[in-house]
Amino acid sequence: MLQDALADAGYPRHVLVACSGGPDSLALAAVASYFARRGHVNAHPVTVGAVVVDHQLQDGSADIAARTAQALEELGLAPVEVRTVTVAGTGMGPEAAAREARHAALEAAAAEQGAEAILLGHTLDDQAEQVLLGLARGSGTRSLAGMRPARGRLLRPFLGLRRADTEEICSVEELNPWHDPTNTDPAFARSRTRVEVLPHLEDKLGPGVAESLARTAAILQLDADYLEDVAESTYASLVEQDGDGLGLPEEALRALAPAIRFRVIAKAAADVGGQQPSYQRLLAAEALLRRQGSAGPVELPGGVSVYRLSLAQLEESKDDAGTGAAGDAPSVPRERARCGKLVFRPQKPPAK
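Residues numbered from 1 in each chain as written. Predicted model: local features only at pLDDT ≥ 70, side-chain atom pairs only at ≥ 80, totals over all residues. Heavy atoms only, no water.

## Some remarks on the nonpolar core
The tendency in soluble globular proteins is for nonpolar side chains to be buried as a group.
Item 1. Membership of the largest hydrophobic core comes to 30 residues, with the highest contact counts inside it found for L6, V15, V17, V48, L72, L77 and L119.
Item 2. For this core, the secondary structure elements donating two or more residues are α1 (2-8), β1 (14-18), α2 (23-38), β4 (47-54), α3 (61-74) and β6 (117-119).
Item 3. Ranked by the residues each element gives to this core, the list is headed by α2, at seven residues.
Item 4. Contact partners of V48, with chain neighbours within four places excluded, come to H14, V15, V17, A32, A36, L77 and A78.
Item 5. Counting residues in each nonpolar core, the second largest holds 26 residues, with F262, L282, V304 and F344 among its members. (Core = buried A, V, L, I, M, F, W, Y, C linked by side-chain atoms within 4.5 Å. Buried < 20%, exposed > 50% of the residue type's maximum accessible area, 1.4 Å probe, protein only. Helix = DSSP H or I, 4+ residues; strand = E, 2+ residues; numbered from the N terminus. Contact = heavy atoms within 4.5 Å.)

Structure follows, in structure tokens:
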């Protein structure tokens, strides 16, 4: 699996293993150490280092990180470094905040070491849990597609491997992994999914549920990629810069298939500094195209306002229609207006 992942990534010359000390990432480090000792993958030179991220979220985390680093050095990985991070309370939840801090540390380490790939130890079980959580939250295709085998420098070669397999690798290699107590803490949704929900589904529906969920993710990744490509090219062909915001022609938006139309609206929001809108917010923005009720503004996450301008309004004020704040957007005339556009603006114009 690792050999194939490195081949697909173009045989990076230096890779980093992100290791927490748990069985999944420690097993990955053990497999990677085989190629480190050989010095090549399919005759392509390779060196393997490692990074241990200490989140400082548990008592004794520094000692755990130090012991993990020692185990990695004994496996022959070099260089091995420990990166200590502070997980900020950003309002995104502890798991998401920790993940953001961890990925920033990994990317910084890779840049400093000149690593072209970062290996993550996520397994098929992690993928199944991700899909279940997406279903529970009512997420869309992109979320249900789960984690990608490769994304930028991040490679996940163990996505086809069960967690029990990584524990077996550690046993065979006589490694003593650390078991994070938060993985079984019912305070976290992912932990409840791991120790309660997925085993219950396996018990009631029969074995193979995890594999089926992971297969669903793989199928949806293909669908999500296709829709994303179509939406990206469509958006590029429609978007019009409008002062500190941008516009999308109303008639062209209405003509799009809903799956593409929602994605194009989300891309417009992101382009003016917004965040991914929820489905409900996308529905509210898309409803402006139906010319029923308000012309906006509709507030989207990240400080973005979207509102509708009719063609008549655009013709009346070509020079200043894009200079006012979103809250000052002109109202739609009572009579039926001709085709106009949706305008997306940051609520607070960027400082000059």
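So much for the structure itself; the text now carries on.
## Structural notes on the pairing of strand β12 (residues 304-309)
Item 1. Buried residues dominate β12, accounting for six of its six residues.
Item 2. Of the two faces of β12, the one lined by V304, V306 and R308 and the one lined by S305, Y307 and L309 are each fully buried.
Item 3. Here strand β11 (residues 298-300) runs beside β12; their pairing, made up of three bridges, is antiparallel. Counted as the bridge partner of L300 is V304 from β12.
Item 4. Taken together, β11 and the strand that follows it, β12, pair antiparallel across an intervening segment of three residues, in which G302 is found at a positive phi of about 90 degrees. (Pairing = 2+ DSSP bridges.)

## Digging into helix α7 (residues 163-172)
Since the α-helix packs 3.6 residues into each turn, any two residues three or four apart lie on the same face.
Item 1. If you check which residues of α7 are buried, you get R163, T166 and C170. All buried residues of α7 project into a common sector of 60 degrees when viewed along the axis, lining one side.
Item 2. For α7, the secondary structure elements touched by its buried residues are α2, α5 (124-136) and α8 (189-205).
Item 3. Following α7 by one or two positions, E174 adopts a phi angle in the positive range, close to 55 degrees. (Arc of directions from axis to C-beta.)

## Digging into the environment of F35
Item 1. Residue position: F35 is located in helix α2.
Item 2. On the accessibility criterion, F35 (6% relative accessible area) is buried.
Item 3. With residues near it in sequence (within four places) discarded, F35 still touches L2, Q3, H40, V41 and V46.

## Quick look at the packing of aromatic side chains
Item 1. According to the stated counting rule, one finds two aromatic pairs in the structure shown.
Item 2. Consider the rings of Y34 and F35, whose centres lie 5.1 Å apart with planes at 75 degrees: the pair is edge-to-face.
Item 3. Ring centres 5.9 Å apart and planes at 65 degrees place the aromatic pair F262 and Y279 in the edge-to-face group. Here the residue F262 occupies a position in helix α11 (residues 258-271), and Y279 occupies one in helix α12 (residues 279-287), the gap between them amounting to 17 residues.
Item 4. Look at F262 and you get buried, because its relative accessible area is 16%. (Phe/Tyr/Trp six-rings, centres within 6.5 Å; stacked < 30°, edge-to-face > 60°.)

## Remarks on the packing of α5 against helix α9 (residues 209-238)
Item 1. Viewed as axis vectors pointing N to C, α5 and α9 meet at an angle of 75 degrees, and their least axial separation amounts to 8 Å. Between α5 and α9, the angle is such that the two are roughly perpendicular. Contacts from L124, Q127, A128, V131 and L132 in α5 reach A210, E211, L213, A214, A217 and Q221 in α9.
Item 2. Broken down by class, the residue content of the contact of α5 with α9 amounts to eight nonpolar, two polar and one charged. (Axes fitted to C-alpha atoms, helices over the stretch in contact; angles between N-to-C directions. Parallel < 35°, antiparallel > 145°, perpendicular 65-115°, else oblique. Nonpolar A, V, L, I, M, F, W, Y, C, P; charged D, E, K, R; others polar.)

## Brief notes about the sheet that holds strand β9 (residues 240-242)
Item 1. If you walk across this open sheet you meet the five strands as β9-β10-β13-β12-β11, and the pairing is antiparallel. Only two strands of the sheet have a single neighbouring strand rather than two, namely β9 and β11. Sheet twist, expressed as the mean angle between neighbouring strand axes with direction ignored, is 30 degrees.
Item 2. Sitting on the sheet, α12 is in contact with β11, β12 and β13 (341-346), with an inclination near 145 degrees to β11.

## Some words on the confidence of the model for the chain
Item 1. Overall, the predicted model of the chain reaches an average pLDDT of 88, with 89% of residues at or above 70.
Item 2. Segment residues 321-327 is flagged for pLDDT under 50; beyond a separation of four residues in sequence, or across chains, it makes twelve contacts in the model.
Item 3. Note that pLDDT drops below 50 for residues 329-337; the model gives that stretch twelve contacts with residues more than four away or on any other chain. (pLDDT = per-residue confidence, 0-100.)

## A closer look at the environment of T86
Item 1. Mapped onto the secondary structure, T86 falls in the loop between β5 (80-84) and α4 (94-113).
Item 2. Here the alpha-carbon distance between T86 and H55, two residues 31 residues apart in the chain, equals 6.2 Å.
Item 3. If we skip the residues at most four places from it in the chain, T86 touches Q56 and A101.

## So, the pairing of β4
Item 1. Counting buried residues in β4 gives seven out of eight residues, a clear majority hidden from the surface.
Item 2. As defined by bridge partners, β1 adjoins β4 across five bridges and the pair is classed as parallel. Among the inter-strand pairings, H14 is bridged to a residue of β4, identified as T47.
Item 3. Here five bridges tie β4 to β5, and the two strands are oriented parallel to one another. Its bridge partner lying in β5, V52 is registered against V82.

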